[in-house]
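# Understanding the architecture of this molecule
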Amino acid sequence: MFTLKADSPLQSTWAQTMSLLENCSNMKQLKEIHAQMIKTETATEPKLATKLLTLCTSPHFGDLPYAQRVFNGITRPNTFMWNAIIRAYSNSKEPELAFLLYQQMLSSSVPHNSYTFPFLLKACRNLSAMGEALQIHGLVIKLGFGSDVFALNALLHVYALCGDIYYARQLFDNIPVRDVVSWNIMIDGYIKSGDVKTAYGVFLDMPLKNVVSWTSLISGLVEAGQSVEALSLCYEMQNAGFELDGIAIASLLTACANLGALDQGRWLHFYVLNNGVDVDRVIGCALVNMYLKCGDMEEALRVFGKLKSDQKDVYVWTAMIDGFAIHGLGVEALEWFNRMQREGIRPNSITFTAVLRACSYAGLVGEGKELFESMTSLYNLIPSIEHYGCMVDLLGRAGLLDEAKELIKKMPMKPNAVIWGALLKACWIHRDFLVGSQIGAHLVEVDSDHSGRYIQLATIFAAEGKWKEAAEVRLKMKNLGVSIPPGKSSITVNGVVHEFLAGQQDHPQMEKIHLKLKQIAERLRRDEGYEPSTKDLLLDLENEEKETAMAQHSEKLAIAFGLINTKPGMTIRVIKNLRVCEDCHVVAKLISQIYCRGIIMRDRVRFHHFRNGNCSCKDYW
Ligand code: ZN
Ligand code: ZN
């Protein structure tokens with residue numbers, strides 16, 4: 001098909017070859033054209049050779065070793081050709097070879113142009129090679145490219161991505177004419193180094209913002225766990241006249257999932273449907289995940305059902321299985337695990353974490369053990385420490401403490417704090433205080449920055465009546481400066497997310513909330529004989545203080561706020577950052593009965609659906 005007439009005039013051979021090259025779309029065709037070029041002695045003609053080389057280094061179908069051979073065959077490659085081969089190496093698995101070629105380019109005395117540096121800097125970025133980047137920076141200045149925004153942006157990108165914000169800032173401040181790309185790189189580089197505040201400052205200073213700048217900041221905020229801020233930026237972005245792109249939407253859906261902000265999540269879904277945003281794998285998975293984490297299983301199922309089969313990859317199936325797990329629906333999780341395989345999707349190790357977790361939360365001991373075994377025997381997957389953690393949790397919760405201890409002994413890796421933590425929790429649930437206090441003491445040593453470890457140990461001592469030891473643990477924690485993360489609960493009413501911190505006083509409705517909590521406590525005492533259980537609380541408080549502190553737990557503030565601000569009978573949805581405490585769990589059950597309200601609470605670990613005085617976790621969490 002690709003034949004050149006060897007006897008045609010040179011001019012027409014050149015034109016035909018160029019046309020063939022321009023229409024070439026794969027390496028097989030390219031090699032045929034190259035063979036013809038050698039036959040017709042046009043392979044060294046500069047324009048054709050350049051075109052040939054560009055195609056060999058194409059990111060779509062190129063072949064780098066072949067490109068290198070073509071390059072070696074060119075007697076005196078020009079700047080464009082050097083740039084093409086340097087670029088190909090900087091994008092390859094061996095970006096360091098780009099530097100080697102650059103040295104050869106220097107020794108051949110071929111002049112640079114403004115494209116040479118960005119390609120080299122790309123190699124620096126891929127290798128996180130700060131030293132080389134600094135040398136190139138010197139050359140950029142020396143060779144007169146110090147005001148070329150293209151080269152400077154490439155440098156900025158390297159500094160920002162290598163996490164060297166000092167150099168990035170210095171360079172940024174000295175760029176004579178910054179374009180929108182320079183600003184976006186700065187926002188992205190700050191955010192990546194975890195400094196969201198400075199990124200926000202750069203963003204505010206930006207004279208012209210584009211979709212990329214808004215999206216970078218939104219994604220960064222979500223990654224940094226500042227979901228409320230990300231959502232409010234989403235509204236600002238639209239007020240400024242920008243449409244949300246797919247990346248921003250996926251990030252914002254994650255923010256909604258983190259906050260349990262169902263209303264905003266629904267709104268984003270509506271936005272996707274009404275603005276023709278393509279529901280690709282990423283958005284499909286983000287939507288399913290958002291509905292699951294916001295406790296709306298029905299909608300999650302509906303979205304999943306509408307995904308095309310090629311969009312249902314292992315991640316979205318795993319998200320569904322994990323969704324069933326956190327809602328305590330172990331049997332459904334297992335059904336979906338089997339269904340996924342019937343549809344030809346092979347589970348990966350994250351799927352196993354989800355399905356083992358499902359077995360653990362639902363107390364499906366036999367099924368969990370079988371699945372764990374099958375990882376090696378059927379699926380050729382080596383269980384990781386996370387899978388062992390799930391198994392210790394599963395056995396421990398079911399009261400099989402000896403079996404859990406045996407499994408820890410047999411583990412091929414050293415048990416970490418998570419494994420010991422799971423066993424300690426089991427000791428606490430099943431009142432094995434002796435072993436519990438031994439593990440607790442070990443955990444306080446190996447995981448000394450984690451406030452939860454001290455609290456677990458103090459709680460175990462207290463449960464045994466060892467008050468002195470409990471107080472000592474508490475004192476040790478204080479002396480080491482380990483602080484307890486504040487309990488935080490959020491609730492969305494009329495599209496606005498309200499966050500409550502334990503003991504918070506400055507909410508505009510705080511007086512009403514306290515009054516409501518007082519009424520609730522009186523009603524629970526009168527109708528149900530409820531007395532606050534204070535055993536989960538720290539021990540250096542007097543009993544009365546404990547009761548007050550308990551009454552101001554963030555989830556209670558959020559529920560009271562929900563009762564005041566939503567219509568009777570409406571389900572109250574609360575998201576808490578920590579595990580729900582025993583007392584709040586009891587109170588939520590009682591409120592669900594006395595006030596005839598469904599309460600859906602997501603804590604750090606799972607969902608609790610409170611209805612008619614019961615919880616879906618069957619008090620097993
Ligand atoms: Zn509580
Ligand atoms: Zn529960």
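Structure: see above.
Residues numbered from 1 in each chain as written. Chains lettered and ligands numbered in written order. Predicted model: local features only at pLDDT ≥ 70, side-chain atom pairs only at ≥ 80, totals over all residues. Heavy atoms only, no water.

Another aspect to go through is the overall build of the chain. Helix and strand counts for the chain come out as 32 helices and 6 strands. Along the first, second and third principal axes, the C-alpha atoms of the chain reach 105 × 55 × 50 Å. Expressed as a percentage of its 621 residues, the buried residues of the chain come to 51%. The long-range share in the chain, meaning contacts at least 24 apart out of those at least 6 apart in sequence, stands at 61%. Only carbon and sulfur atoms are counted for the fraction: they give 54% of the accessible area of the chain, which is about 30100 Å². (Helix = DSSP H or I, 4+ residues; strand = E, 2+ residues; numbered from the N terminus. Buried < 20%, exposed > 50% of the residue type's maximum accessible area, 1.4 Å probe, protein only. Contact = heavy atoms within 4.5 Å. Areas by Shrake-Rupley, 256 points an atom, 1.4 Å probe, with all protein chains shown as cover.)

For the rest of this paragraph, the subject is the sheet that holds strand β4 (residues 599-602). Adjacent strands of a sheet form backbone hydrogen bonds with each other and so pair up, either parallel or antiparallel. Ordered in space as β2-β1-β3-β4-β5-β6, the 6 strands form an open sheet in which the pairing is mixed. Two strands in the sheet have a free side with no partner beyond their single neighbour: β2 (496-501) and β6 (614-615). As paired strands, strand β1 (residues 488-493) and strand β3 (residues 572-576) are joined by 2 bridges and run antiparallel to one another. Within the sheet, the bridge partner assigned to Ser 490 lies in β3 and is Ile 575. With respect to the sheet, helix α31 (residues 554-565) is in contact with β1, β2, β3 and β4, its orientation differing from that of β1 by roughly 15°. (Pairing = 2+ DSSP bridges. Axes fitted to C-alpha atoms, helices over the stretch in contact; angles between N-to-C directions.)

This part is about the packing of aromatic side chains. Applying the stated rule across the entire model yields 14 aromatic pairs. Consider the rings of Phe 304 and Trp 317, whose centres lie 4.9 Å apart with planes at 80°: the pair is edge-to-face. With Phe 304 in helix α18 (residues 297-306) and Trp 317 in helix α19 (residues 314-326), the pair connects residues that are 13 residues apart, well separated along the chain. Here a set of aromatic residues connected by ring pairs shows up, and it is made of Phe 304, Trp 317, Phe 324 and Trp 336. Seen from the ring of Phe 119, Arg 87 lies directly overhead, with NZ or CZ sitting 5.7 Å from the centre. Positioned above the aromatic ring of Tyr 595 is the side chain of Arg 523, whose terminal nitrogen or guanidinium carbon lies 4.8 Å from the ring centre. (Phe/Tyr/Trp six-rings, centres within 6.5 Å; stacked < 30°, edge-to-face > 60°. Lys NZ or Arg CZ within 6 Å of the ring centre and 35° of its normal.)

In ideal tetrahedral geometry, four donors around a metal make angles of 109.5 degrees, whereas ideal octahedral geometry with six donors gives angles of 90 or 180 degrees. Only His 585 (NE2), His 608 (ND1), Cys 615 (SG) and Cys 617 (SG) from the protein reach the zinc ion (ligand 2) as donors, at distances of 2.0 to 2.2 Å. Of note is the zinc ion (ligand 2), whose 4 donor atoms meet at the metal with angles of 103 to 115° in an arrangement that counts as tetrahedral. Written as a sequence motif, the donor arrangement for the zinc ion (ligand 2) is H-x22-H-x6-C-x1-C. In this pair, His 585 sits in helix α32 (residues 582-594) while Cys 615 sits in strand β6, placing the two residues 30 residues apart along the sequence. Residues His 585 and Cys 615 agree in their burial class; the two are buried. (Donors = N, O, S within 2.8 Å, 3.2 Å for Na, K, Ca; no water. Tetrahedral: all angles 85-135°; square planar, octahedral: opposite > 155°, others 65-115°.)

With that out of the way, let us pick up unusual backbone geometry. If you check the backbone angles, Asn 380 has positive phi at about 60° while not being a glycine. Its location among the elements puts Asn 380 in the loop between α22 (365-377) and α23 (385-397). Residue classification places Asn 380 among the exposed positions, given a relative accessible area of 69%.

Pairing of β4 with strand β5 (residues 607-611) involves 4 bridges; the strand directions are antiparallel. Bridged to Ile 600 within β5 is His 609. Following β4, the chain reverses through 4 residues before pairing antiparallel with β5. As judged from the 2 bridges shared by β5 and β6, these two strands associate in the antiparallel manner. Within β6, the position partnered with Arg 611 by the bridge is Asn 614. The hairpin turn running from β5 into β6, its antiparallel successor, is 2 residues long, and Asn 612 in that turn takes a positive phi close to 50°.

What follows deals with the pattern of salt bridges. Tallying each qualifying case throughout the model produces 22 salt bridges. For Lys 488, the salt bridge goes to Glu 499, with nearest N and O atoms at 4.0 Å. In this pair, Lys 488 is assigned in strand β1 and Glu 499 in strand β2, connecting sequence segments 11 residues apart. On the basis of relative accessibility, which here comes to 34%, the residue Lys 488 falls in the partly exposed class. Taking the relative accessible area as the measure of exposure, Glu 499 reaches 33% and is therefore partly exposed. One network of salt bridges, with partners in common, ties together Asp 263, Arg 266 and Asp 296. (Salt bridge = Lys/Arg side-chain N within 4 Å of Asp/Glu carboxyl O.)

In this section: the coordination of the zinc ion (ligand 1). Around the zinc ion (ligand 1), the protein contributes the donor atoms His 553 (ND1), Cys 581 (SG) and Cys 584 (SG), at 1.9 to 2.3 Å from the metal centre. Donor residues binding the zinc ion (ligand 1) come from one chain and are separated in sequence as H-x27-C-x2-C. In this pair, His 553 is assigned in the loop between α30 (543-551) and α31 and Cys 584 in helix α32, connecting sequence segments 31 residues apart. Overall, Cys 584 belongs to the buried group, its relative accessible area being 2%.

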